[in-house]
There are 2 protein chains.
Amino acid sequence: VGAAANQQVADPYANEPKRHPALVVRSQQPFNAETPVDVLGTSGLTPNELFYVRNHLPVPHVEPASWSVRVEGEGLKRVELSLKDLTTKFKKHTVTATLQCTGNRRDQFNDVKKVKGLEWGIGAIGTAEFSGARLSDVLAYAGLDGDTIDEIEHIQFEGLDSDISGTCYGASIPISKAMSRHEDVILAYEMNGKDLPLDHGYPVRIIAPGITGARCVKWLSRIIASKEESQSHWQQKDYKSFSPSVDWDNVDWNSAPAVQETNVQSAICEPRPGDILEGSTDEVEVRGYAYSGGGHAIVRVDVSADDGETWITAELEPVYNRRSRNWAWTLWHTTVPLPEAKDGRVKLICRAVDANYNTQPESPAGIWNLRGVLNNAWHEVVLSIE
Amino acid sequence: VGAAANQQVADPYANEPKRHPALVVRSQQPFNAETPVDVLGTSGLTPNELFYVRNHLPVPHVEPASWSVRVEGEGLKRVELSLKDLTTKFKKHTVTATLQCTGNRRDQFNDVKKVKGLEWGIGAIGTAEFSGARLSDVLAYAGLDGDTIDEIEHIQFEGLDSDISGTCYGASIPISKAMSRHEDVILAYEMNGKDLPLDHGYPVRIIAPGITGARCVKWLSRIIASKEESQSHWQQKDYKSFSPSVDWDNVDWNSAPAVQETNVQSAICEPRPGDILEGSTDEVEVRGYAYSGGGHAIVRVDVSADDGETWITAELEPVYNRRSRNWAWTLWHTTVPLPEAKDGRVKLICRAVDANYNTQPESPAGIWNLRGVLNNAWHEVVLSIE
Ligand SMILES: [Mo]
Ligand SMILES: [Mo]
């Protein structure tokens, strides 16, 4: 194995799909890009071509006619399901869900102390209407029922995306999430009424609403019922959070649970940092998104222009109407009176409250973690006053 | 009706039960008292006689032989169940659950701005092993099943405690909480293996684990399946939280949901505020409790002696081992190295993280609310150095 052999290995990134030029690219290989902020906070559904992309590996190209997913594991009969099987043997189920990269808003952590990872702003999040077969129906088809469930604690997923050594992307979710019909986990083959885009897992991906994006495995190839979590790098040594006093030299990855449901989050999408207001302006329209994992509803979003001295409670869309199974973000908007500008600047802050009355911490310093995940500190936007 | 008639009204507080002298009394009529802090954080179960008491009204005295609960409502057959019915017709189910008053830790809010309500410290919380009949079994017995459930969104409870006008205490929980066997809601008739104490609802109270104490109606008399929440004062106009900019002159009670599952919480039980350390002391043992509503596990507790510059991660008991149905608090302890004392003082801070990676906000100012509920700011204890 030498230079010649290496030359024969095809460039794994030679066949990447075309992407929309408005995506805000954070890395090219693997491809990672944010939804443009002007699209966030304005429409409930994010268009497929502008939906944030979080790839860990090259995009695999799959022939739909030959694609299948294998379902197997502890107490199950091994089943191989084609795309036709998925669409004809199982009822089509539709769920509107927000996906958020575990690293969304990581950039703010770098102001505290440098973190390792893509410099995500507020755009590593999006919402779409996904349709597919219920995971609980597929597992039941493979024989998973109340009698066998005691031996199983996790449902693992594998994707067709893999590195040069052949190691594929993998993740798992708890059995309680996977099996309950009320949890709405699906094997999605449609996104906003169209085939999944290549970047989003064509032909089939997992959508586990309320769970962090990293568990919603794309280009799905295998489903494994197990006593164990996925042993993948991404389940065991990546998407976890620690105390700010834990760093790469003293981290014990086993001491923290894998991120599943995520914390309460919000961000200001308009105005944008650095936007310039005329000195005579006495109020500003503010809008953004808010979201909480686990189906927890957003019940309030507050905005302040005076460092939290006074808060304006925003209008929510949708308004709060049920406690659970809120899988999609809540958009919000309000008008905020502006105080006297200090040094020609005004800082806007937002923070959300969910149905459990959990809210966001004030500052990123207290939640800083070595991998820079799950930043949900109050979001700030500083404006200039002319 | 005049002076003579009024004299004939017996003192409604004439027959209050005897209480343990170690309880930290916050009000006598109605009786409200905290668990002594030296009991908190040391044992997983709080003894019955030292369990915090939150009464809204005089304690009703009930003859167990004549007690019954009526179950009725939308699509149900009306059922009347005696204590013997409850203990013989339904399987006994035991659940170890933490109860927390919605006002626990309210006292800290008064440093921000005065709030209305009892001045609770950190002791309006306790944990016991409760046994009783599952609410889901009782509702099924009254005919509530999958077919009728669409018309029902809440299960209301009424207690035998009432004011002079005859208005009784009432509250409700969502149907999803009430009906799922996994949610472990019971009609409890035992607390730590004994009859319920008079102060805790003898002979039967609701225990809705993971839900705030105010919904766990004591001296239970009625269960009503309904489209509507309880219309009681305590459901509609009391246990709710608002923005710090909402006060009694501008509150719209309908704009916030009733507290049910509660936010992530922790407190330092030892050392105590004002404890004096010798100047040569270079470390201190710290212990306390942590709890999150909704069954969300506590996955980490951090303690700092330097205003959050560095954090020590505490030992947890029990250690984290499952994601859901964690109805009881987590006790924690650790040893914290002490920095140089400033002005002869050292401040300890704790904060917890739950399985959704929600954590506590730094300061009470951002979560101040007119009723002073759900304070879960970082807990501080200031020590003196000799
Ligand atoms: Mo992610
Ligand atoms: Mo309470």
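Residues numbered from 1 in each chain as written. Chains lettered and ligands numbered in written order. Predicted model: local features only at pLDDT ≥ 70, side-chain atom pairs only at ≥ 80, totals over all residues. Heavy atoms only, no water.

Where an unreviewed UniProt entry is consulted, chain A appears under the name Cytochrome b5 heme-binding domain-containing protein, with the organism given as Coccomyxa subellipsoidea. On record in UniProt, under Sequence similarities (unreviewed entry), the comment for chain A is "Belongs to the cytochrome b5 family." (UniProt positions renumbered as here; feature names shortened; annotations may be inferred.)

Asker: What is the right way to read the overall build of chain A from this model?
Answerer: Scanning chain A from N- to C-terminus turns up five helices and 22 strands. Over its C-alpha trace chain A gives a radius of gyration of 22 Å, about what one expects of a compact globule, namely 21 Å for 386 residues. Overall, the C-alpha framework of chain A stretches about 70 × 55 × 45 Å when taken along its three principal axes. Relative to its full complement of 386 residues, chain A shows a buried share of 60%. Considering only intrachain contacts with a sequence separation of at least 6, the fraction spanning at least 24 residues in chain A is 71%. Accessible area of chain A: about 15500 Å², with a carbon and sulfur share of 48%. For chain A, the distance from the average position of its 38 positive side-chain charges to the average position of its 53 negative side-chain charges is 5 Å. (Helix = DSSP H or I, 4+ residues; strand = E, 2+ residues; numbered from the N terminus. Rg over C-alpha atoms; globule rule 2.2 N^0.38 Å. Buried < 20%, exposed > 50% of the residue type's maximum accessible area, 1.4 Å probe, protein only. Contact = heavy atoms within 4.5 Å. Areas by Shrake-Rupley, 256 points an atom, 1.4 Å probe, with all protein chains shown as cover. Lys, Arg positive; Asp, Glu negative; His and termini not counted. Charge placed at Lys NZ, Arg CZ, Asp CG, Glu CD.)

Asker: I tried to follow the packing of aromatic side chains on my own but got confused; where do I start?
Answerer: Geometry of an aromatic ring pair is reported as the spacing of the ring centres plus the angle between the planes. Across all of its chains, the model carries 14 aromatic pairs over all chains by this definition. Plain terms: the ring middles of Trp248(B) and Trp253(B) are 5.9 Å apart, the flat faces sit at 55 degrees to each other, and that makes the pair tilted. You can call Trp248(B) partly exposed: its relative accessible area is 37%. You can call Trp253(B) buried: its relative accessible area is 11%. When the ring centre of Phe31(A) is taken as origin, the NZ or CZ atom of Arg19(A), which lies over that ring, is 3.9 Å away. The ring of Trp248(B) carries Lys116(B) above its face, with NZ or CZ at 4.1 Å from the centroid. (Phe/Tyr/Trp six-rings, centres within 6.5 Å; stacked < 30°, edge-to-face > 60°. Lys NZ or Arg CZ within 6 Å of the ring centre and 35° of its normal.)

Asker: So what exactly am I meant to see when it comes to the interface of chain A and chain B here?
Answerer: Quoted interface sizes are often the accessible area lost when the parts come together. The partner chain B presents 41 residues to the 41 residues of chain A that form the contact. Between chain A and chain B the total buried area reaches about 3000 Å² when both faces are included, carbon and sulfur atoms providing 47% of it. Considering only the surface of chain A that becomes buried against chain B, Pro257(A), Arg323(A) and Tyr357(A) emerge as the three largest contributors, covering 23% of it. Remark: the boundary between chain A and chain B carries zero salt bridges. For the pair chain A and chain B, the number of links is 21 residue pairs in polar contact (both at pLDDT 80 or more). Going through the elements one at a time, β17 (298–304) and β21 (345–354) of chain A are the ones with two or more residues in the side of chain A that touches chain B. (Buried area = accessible area lost by both parts, 1.4 Å probe. Salt bridge = Lys/Arg side-chain N within 4 Å of Asp/Glu carboxyl O. Polar contact = N/O pair within 3.5 Å; in protein donor to acceptor, adjacent residues only side chain to side chain.)

Asker: How do you make sense of the relation of the copies chain A and chain B when you look at a structure like this?
Answerer: Mapping between the two chain copies consists of a rotation about an axis together with a translation along that axis. For the match of chain A to chain B, the screw axis carries a shift of 0.0 Å, the RMSD comes to 0.0 Å, and the turn is 180 degrees. Both copies are brought into coincidence by an operation consistent with a two-fold rotation axis. Across chain A, the smallest distance between a C-alpha and the rotation axis is recorded for Pro361(A), namely 2.1 Å. Comparing contact sets, 100% of the residues at the interface of chain A also lie at the interface in chain B, consistent with an isologous, same-surface contact. (Least-squares fit on C-alpha atoms with pLDDT ≥ 70 in both.)

Asker: Help me understand unusual backbone geometry, please; the structure alone is not making it clear to me.
Answerer: Trans is the common state for peptide bonds, and a negative phi is the common state for residues other than glycine. Between Gln29(B) and Pro30(B) the backbone carries a cis peptide bond, its omega angle lying at -5 degrees. Take Pro30(B): it is sitting in the loop between β1 (24–27) and β2 (32–34). Cis geometry marks the peptide bond from Glu317(B) to Pro318(B); its omega dihedral reads 0 degrees. Look at Arg325(A): it is not a glycine, yet its phi comes out positive at around 60 degrees. Summarising the element assignment, Arg325(A) is placed in the loop between β19 (315–317) and β20 (330–337). The backbone phi angle of Asp307(B) is positive, close to 60 degrees, even though this residue is not glycine.

Asker: What exactly am I supposed to notice about the pairing of strand β21 (residues 345–354) of chain B here?
Answerer: Residue and element names in this part refer to chain B. Burial runs high along β21: eight of the 10 residues are buried. Note: strand β17 (residues 298–304) against β21, six bridges, orientation antiparallel. For Asp302, the partnering residue across the bridge sits in β21 and is Arg351. Bridge analysis of β21 against strand β22 (residues 379–385) gives six bridges, and the strand direction is antiparallel. Residue pairing in the sheet places Lys347 in a bridge with Val382 of β22. (Pairing = 2+ DSSP bridges.)

Asker: I tried to follow the sheet that holds strand β3 (residues 53–54) of chain B on my own but got confused; where do I start?
Answerer: By definition, the strands of a sheet pair up through backbone hydrogen bonds, in either a parallel or an antiparallel sense. Residue and element names in this part refer to chain B. Read across the open sheet, the three strands follow the order β1-β2-β3; overall the sheet is antiparallel. Only two strands of the sheet have a single neighbouring strand rather than two, namely β1 and β3. Where β2 and β3 come together, two bridges link them in antiparallel fashion. By the bridge assignment for β3, Asn32 is matched with Arg54.

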